[in-house]
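Each chain is listed here by its residues.
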Amino acid sequence: MSKFDRIYPFTTEFISGYMKHLNVGGKSVLTVGSSGDQAYNAFLYGANNVTLFDINPNAKAFVDKKSDILFDSKCIRDFYYAVVESSDFSYIDGEVFSCKSLRLMNDYMRDEDAFKHLQKRMVVNEVEGIVGDVFKMDDTLKGRVFDVINLSNVLQYYQPKSMDKTVIRRELLELFNMFIGHLKDNGTIMLSYIYGGQELNEFISLYDVLVSLEKEKYQLEGVHTSDGDLALMYQKR
Ligand SMILES: C[S@@+](CC[C@H](N)C(=O)[O-])C[C@H]1O[C@@H](n2cnc3c(N)ncnc32)[C@H](O)[C@@H]1O
């Protein structure tokens, strides 16, 4: 059982800290599936359609189950405990934040009005699910393009083929070019959520990403969320 056979019941990111910068209103959104919270916040902010892209074959089924719980919940607390206590899926250990924290991290859990607004939005919307590897996105998405792409912190799981910085930076540039190949003009990508804002993993630092992309004149924007985390954004002009 790989790390990603299990499910994140809720986000581990301050989505509330970067969602506004993605301008999803009336747009098509591709997002890593995870807990479905990236998708829910996109619908809360008026996304037209949302496609879940995740290596975990259970991600879509979990989000469908979570949406059923969403519909049946009278309030945020009921929703939170019904999801956390559901035994339909095996959850990733130690990755469940308190309801109080999640209300700061998720705009759809901010208050009962936002929660009810999402319930209404989800009545007429459904997420499309695609099982695939972000690092082999072309294989699965072929020529599909989106207005907005949210890659969560998946880049943190990228294992470069060599420790040589020149090779790492070339690989990062190739990955980036593949990602923005699925972005429409004027589209926005949340390239990576970086916990603590510095290191993606033991091989790749924020500096590596910036050096490898800015050399090609790609202007990146860093959005600071709470807790010192950083959301790395790029708008395709
Ligand atoms: C990166 S994890 C961490 C949770 C995330 N920070 C959040 O707040 O939702 C999120 C999701 O990424 C998926 N994932 C990890 N590596 C992936 C890959 N190479 N391609 C596609 N999805 C991947 C996992 O299955 C999981 O559902």
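In what follows, the structure referred to is the one given above.
Residues numbered from 1 in each chain as written. Predicted model: local features only at pLDDT ≥ 70, side-chain atom pairs only at ≥ 80, totals over all residues. Heavy atoms only, no water.

**Some remarks on the packing of helix α7 (residues 165-180) against helix α8 (residues 206-214)**
With their axes 9 Å apart at the nearest point, α7 and α8 run at an angle of 65° to one another. In this view, α7 runs roughly perpendicular relative to α8, as classed from their interaxial angle. For the crossing formed where α7 meets α8, the hand is right-handed. Counting all contacts with α7, which are made through Lys165, Arg169, Leu172, Leu173 and Phe176, the residues of α8 involved are Tyr207, Asp208, Val209, Val211, Ser212 and Leu213. Looking at side-chain class alone, the contact of α7 with α8 contains seven nonpolar, one polar and three charged residues. (Axes fitted to C-alpha atoms, helices over the stretch in contact; angles between N-to-C directions. Helix = DSSP H or I, 4+ residues; strand = E, 2+ residues; numbered from the N terminus. Parallel < 35°, antiparallel > 145°, perpendicular 65-115°, else oblique. Left-handed = near helix turned anticlockwise from the far one by under 90°. Contact = heavy atoms within 4.5 Å. Nonpolar A, V, L, I, M, F, W, Y, C, P; charged D, E, K, R; others polar.)

**Focus: the nonpolar core**
Judged by nonpolar contacts, the single largest core of 43 residues is most densely connected at Tyr18 and Tyr108. Broken down by element, the residue count for this core peaks at five residues, all from helix α1 (residues 37-44). If near-sequence neighbours (up to four positions away) are discounted, Tyr108 is found in contact with Phe10, Asp37, Tyr40, Asn41, Leu44, Lys66, Phe79, Ala114, Phe115 and Leu118. Within the second largest apolar cluster, 36 residues are counted, among which are Leu151, Leu155, Phe203 and Leu220. (Core = buried A, V, L, I, M, F, W, Y, C linked by side-chain atoms within 4.5 Å. Buried < 20%, exposed > 50% of the residue type's maximum accessible area, 1.4 Å probe, protein only.)

**Topic: the site of the ligand**
Around the ligand lies a shell of 20 residues, among which Thr11, Thr12, Ser34, Asp54 and Val134 are the nearest. Between the ligand and the protein, one listed contact pairs an oxygen atom with a backbone N or O atom of Thr12 at 2.8 Å. For the ligand, a nitrogen atom lies 2.9 Å from a polar atom in the side chain of Glu13. Relative to its free-state accessible area of 580 Å², the ligand is covered by the protein chains to the extent of 98%. (Near = heavy atom within 4 Å. Polar contact = N/O pair within 3.5 Å; in protein donor to acceptor, adjacent residues only side chain to side chain. Areas by Shrake-Rupley, 256 points an atom, 1.4 Å probe, with all protein chains shown as cover.)

**Details of the sheet that holds strand β6 (residues 220-224)**
Strand order in this open sheet of seven strands is β3-β2-β1-β4-β5-β7-β6, and the pairing throughout is mixed. Whereas interior strands pair on both sides, the edge strands pair on one side only; in this sheet they are β3 (128-131) and β6. Averaged over all pairs of adjacent strands, the angle between strand axes in this sheet comes to 20°, irrespective of strand direction. The pairing of strand β2 (residues 49-54) with β3 spans four bridges and is parallel. When the bridges of β3 are listed, Asp54 appears paired with Val131. Docked against the sheet, α1 engages β1 (28-32), β2 and β4 (146-150), running at close to 170° with respect to β2. α8 contacts β5 (183-194), β6 and β7 (230-235) of the sheet and is inclined by roughly 150° relative to β6. (Pairing = 2+ DSSP bridges.)

**Structural notes on the packing of aromatic side chains**
The full count for this structure, using the stated rule, is 12 aromatic pairs. Summarising the aromatic geometry, the rings of Phe10 and Phe79 are spaced 5.8 Å apart at their centres and angled 85° between planes, so their arrangement reads as edge-to-face. Highlighted residues: Phe10 in the segment before β1 and Phe79 in helix α3 (residues 76-84), separated in sequence by 69 residues. The exposure class of Phe10 is buried, given its relative accessible area of 1%. Of the residues examined, Phe79 reaches a relative accessible area of 0% and is grouped as buried. Pairwise contacts between aromatic rings join Phe10, Tyr40, Phe79, Tyr80, Tyr81, Tyr108 and Phe115 into one cluster. (Phe/Tyr/Trp six-rings, centres within 6.5 Å; stacked < 30°, edge-to-face > 60°.)

**Overview of the side chain of Ser28**
In this structure, Ser28 sits in strand β1. Judged by relative accessible area, which is 9%, Ser28 ranks as buried. If near-sequence neighbours (up to four positions away) are discounted, Ser28 is found in contact with Asn49, Phe146, Asp147, Val148 and Lys184.

**Here's the deal with the side chain of Ser67**
For Ser67, the location among the structural elements is in helix α2 (residues 59-72). Assessed through its relative accessible area of 8%, Ser67 is described here as buried. The contacts of Ser67, once residues within four sequence positions are left out, are Tyr40 and Met122.

**Structural notes on the pattern of salt bridges**
According to the stated counting rule, one finds 12 salt bridges in the structure shown. Note that Asp208 and Lys165 form a salt bridge whose closest N and O atoms lie 2.5 Å from each other. Placement of Asp208 in helix α8 and of Lys165 in helix α7 is noted, with a sequence separation of 43 residues between them. Asp208 gets classed as buried once you look at its relative accessible area, which sits at 1%. The shortest N-O distance in the salt bridge between Glu174 and Arg170 comes to 3.8 Å. Of this pair, Glu174 and Arg170 both sit in helix α7, four residues apart, which is roughly one turn of that helix. (Salt bridge = Lys/Arg side-chain N within 4 Å of Asp/Glu carboxyl O.)

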